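# Structural overview
Given next are the chains, with one letter for each unit.
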Amino acid sequence: MSPNRHLHAWLLLLPAMAMLAAFTHIPAISTLLHSFFESPIAGKTGSFVGLDNFEFALEDDIFWQVLWNNFWYAVVTVPTSIVLALVMAIWVNSQMSGRAIVRLAYFTPTVLPMIAVANIWLFFYTPEIGLINNLLEKLGFEGQNWLGDPDLALPSLMVMTIWKEAGFFMIFYLAALQSLDQSLYEAAAVENSSRWQTFRRITWPLLMPTTLFILINALINAFKLVDHLFILTKGGPNNASNLLLYYIYENAFSFFDTAYAATLTTILLIILALLAWVQFGVLDKKVHYR
Amino acid sequence: MLHKLPKVGQAIALSIAAFGLSASVQAKTELTMYYPVAVGGSLTKVVDNMIEGFEKQNPDIDVNAIYAGNYNDARVKALAALNSGKPAQLSVMFSIDVHELMDQDAIVPFDELTKTAEERQWLNSFYPTLMQNGKAKGKTWGIPFQRSTIVMYYNKDAFRAAGLNPEKPPKSWDELVAAGKKLTLRNGDGKVQQWGTMIPSTGYPYWMFGALTKQNGEVLMNQDGTETYFNKPAVVEALGFWKDLGSKHQIMPQGTIEWGTLRQNFLEGKTAMMWHSTGNLTTVKKNAKFDFGVAMLPAQKEFGSPTGGGNFYIFKKSSAEEKAAALKLVRYMTAPQQAAAWSKATGYMAVSEEAYQTDELNRYVKSFPAAAVARDQLQHATAELSTHQAGRVRKLLDDAIQSVLTGEKEADQALSKAQQQADRILRRYR
């Protein structure tokens, strides 16, 4: 390549690189740096404290609780919404009347803003006047204080998250399903393969790249989607439904402890980087690409 | 030439010309003010109208009033603007942010801004209880604006149905429990159709708890915000009582009760009584399909409620003219006429005795006595929980309260731990 073409390439890359640097890389690095300092008070920068903030995190019960909550949150919501998405996609991919409407219905939760959705669900979950309890009581079951009971608050959030996420992932599966080679299915039909066998041997392996993509997105979302907490529980009762990112927000904007917020953000970044490494480095090798 | 432009273009051209003119004739003082809205209703419109009135009176001052979300958002935005170099000159923020704003060196005391005797007198014209949260280190840092207390809303129809006198709401904890038992209605299978009372425990649990502790003869912190009293016996007892309402007396649902949906619960008759901010009064009045009353919170050792709501603060990072203009605006917004109109439109209480003496409010209170309950309760009120590092300390107490109400911990155990942690945080401010 001539030097001119190199210059060209760099110029074309420049806008994207500038944006990424300004809004992603520089903030990430300054977050890391902040985590080694005290919180600034009254505009004066705090002094260097080394790993003190990280030691504080290790002793912070709430930090461990939100981390644990976030772990369960991911473990439950990610696989469930992926399986649901796949089932829904296969269903609306089949030849049936009115499938456009069903597709739209499944996709609606994704279109709605999270805050609006949370406000609606707040009234679903609320004990005396809420939809869910009224239905349960009509069916003869005991109503629950969904968001006010520490054992139920986090699971209630999970249900809403799955409802919100599954429709979104369905779209990816649907697109993938429609691009699959039909001749493989014809061959399977000739071989008299059962529906389960066809799914297990043809559909599932061919969908693996999509599944990996969705898995990455779902895991990241499990850590970064906390909008609904502001409306539904504010992390309560007693941190039972608090998640890592919401705790970071509390530290930064409620407690003005920016240094500790930076420390927790660094920890969050490390977790996400590890997850990405596992996914790209390990799982990617097992995925069958055409 | 102008008539050839499309209408929008004309308007723009005209306004550019007008702007150029006014800029050349006189330099206007521009003020940016943030304000929060924490309860329902179209309060932004009310504020906009007040600002318009002020600008008419003071053509040399331009006010840019920005609605900034809830109290937390307003503080975050105002402080972020301060750090960004394009600061606001004044803001309505949580009255309990005072210590934190002082620690950030963000605000100036009003004592430094008020110079004439008349201005000094104005500074003393407010209800003293409403000034408590604005004072620290012997100076006044916040001027009361959208202030509230907690009151008890009750359903008079439900009282009648239960054979209770609707004009005699419970005045003590014992009466509250007794009335609550009569008001809690269960169907054949023992399912509750209507609860006796609800005290919300999400959103602002520490605030409701401030009422219970004051009623039990104790406060939660000292005036300088350097010490908390979470583990005092009367405080522990108050939390025990709150829990007992659900678990022992069974006149309130167990677990936490959502702040955001409580008003709806009350309006739909699912609870006969609720404790809530006076800021809800006008909305409840508009939407209640039954006869309702408003009463002071019941007493144990004494009556009591914390005050709540927002104060005006003036920021340090502004020029002398801007500060003077900001003071003018604060004085306008809190003047008796404005305070009266504000109180009528929202249910927040008027901040001075004089405001209640205006014709407008006087007549309103006479036709709707519920509007005076908050004022009458003021003499029994105390400051809202406010300390250095207020957010963190508040959360300690909130978590302790919720852990007790949900049955995870005992009151003394949870509160001792909260006190211990609060001590650790506040030690360096003593």
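Residues numbered from 1 in each chain as written. Chains lettered and ligands numbered in written order. Predicted model: local features only at pLDDT ≥ 70, side-chain atom pairs only at ≥ 80, totals over all residues. Heavy atoms only, no water.

### Some words on the overall build of chain A
Test applied: A run of H or I in DSSP becomes a helix once it reaches four residues, and a run of E becomes a strand once it reaches two; helices and strands are each numbered from the N terminus. Relative accessibility thresholds used throughout: buried, under 20% of the residue-type maximum; exposed, over 50%; partly exposed, between the two (1.4 Å probe, protein chains only). By the convention used here, residues are in contact when the closest approach between their heavy atoms is within 4.5 Å. Working definition of accessibility: Shrake-Rupley area with a 1.4 Å probe, residue cover restricted to the visible protein chains.
The helix and strand inventory of chain A stands at 12 helices and 0 strands. Along chain A, from the amino end to the carboxyl end, the secondary structure elements read α-α-α-α-α-α-α-α-α-α-α-α. Here the C-alpha coordinates of chain A stretch approximately 75 × 75 × 30 Å along the principal axes. Looking at chain A as a whole, 42% of its 290 residues are labelled buried. In chain A, of all internal contacts separated by at least 6 residues, the share reaching a separation of at least 24 is 67%. For chain A, the exposed surface amounts to about 16100 Å²; the carbon and sulfur share of it is 70%.

### What about a positive patch on the surface?
Residues and elements named next belong to chain B. Where we set the bar: Patch construction takes residues with relative accessible area above 30% that form no salt bridge. Like charges are linked within 9 Å, and nonpolar side chains (Val, Leu, Ile, Met, Phe, Trp, Tyr) are linked within 5 Å. Criterion for a salt bridge: a side-chain nitrogen of Lys or Arg within 4 Å of a carboxyl oxygen of Asp or Glu. Counted as positive: Lys and Arg. Counted as negative: Asp and Glu, with His and the chain ends omitted from the count. Working definition for charges: the position is that of NZ of Lys, CZ of Arg, CG of Asp or CD of Glu.
Together, K285, K286, K344 and R363 line one region of the surface with positive charge. Relative to the helices and strands, K286 resides in helix α12 (residues 281-287). Given the relative accessible area of 67%, K286 is considered exposed.

### What about the layout of surface pockets?
Test applied: Each cavity reported here is a set of points on a 1 Å grid over the protein atoms alone in which a 1.4 Å probe fits but cannot get out, each pocket an open set with protein on both sides within 12 Å along at least five of seven lines, and each lining residue one with an atom within 4 Å of a point. Grid points are joined across faces, edges and corners, and a volume is the space filled by probe spheres set on the points. Here the term charged refers only to Asp, Glu, Lys and Arg, the term nonpolar to Ala, Val, Leu, Ile, Met, Phe, Trp, Tyr, Cys and Pro, and the term polar to all other amino acids, Gly among them. An automatic or database domain assignment is the source of the domain bounds shown.
Considered as a void within the structure, the largest pocket measures approximately 1500 Å³ in volume. For the largest pocket, the lining is made up of 46 residues, of which F56 and D257 of chain A together with R392, R424 and I425 of chain B are closest to its centre. Elements with a contribution of two residues or more to the lining of the largest pocket: α2 (52-59), α3 (61-93) and α12 (258-286) of chain A together with α4 (98-103), α18 (390-405) and α19 (411-426) of chain B. Grouping the amino acids of the lining of the largest pocket by side-chain chemistry returns 16 nonpolar, 12 polar and 18 charged. For the lining of the largest pocket, the two domains that each supply at least three residues are domain 1 (2-148 + 308-375) and domain 2 (149-307 + 383-429) of chain B. One number sums up the size of the second largest pocket: a volume of about 1300 Å³. Around the second largest pocket, the lining comprises 48 residues; the ones closest to its centre are F230 and K234 of chain A together with N70, G203 and Y204 of chain B. For the lining of the second largest pocket, the secondary structure elements donating two or more residues are α5 (114-125), α10 (227-232) and α11 (244-254) of chain A together with α2 (43-57), α3 (71-84), α9 (205-215), α11 (259-267) and α18 of chain B. In terms of residue count, the dominant contributor to the lining of the second largest pocket is α18 of chain B (6 residues). For the lining of the second largest pocket, the per-class residue count stands at 19 nonpolar, 19 polar and 10 charged.

### Concerning the interface of chain A and chain B
Definition in use: In protein, a polar contact requires one atom able to donate a hydrogen and another able to accept it; more generally it is a pair of N or O atoms within 3.5 Å, and residues adjacent in sequence count only if both atoms are side-chain atoms.
Taken together, the 32 residues of chain A in the interface contact 34 residues of chain B. Counting every contact that joins chain A to chain B gives 3 salt bridges. K417 of chain B serves as the salt-bridge partner of D61 of chain A, at 3.9 Å between the closest nitrogen and oxygen. In this assembly, chain A and chain B are joined by 13 residue pairs in polar contact (both at pLDDT 80 or more). The set of elements that each furnish at least two residues to the side of chain A that touches chain B consists of α3, α5 and α11 of chain A. Looking at the side of chain A that touches chain B element by element, the count peaks at 5 residues for α11 of chain A. Looking at the side of chain A that touches chain B residue by residue, the classes come out as 17 nonpolar, 9 polar and 6 charged.

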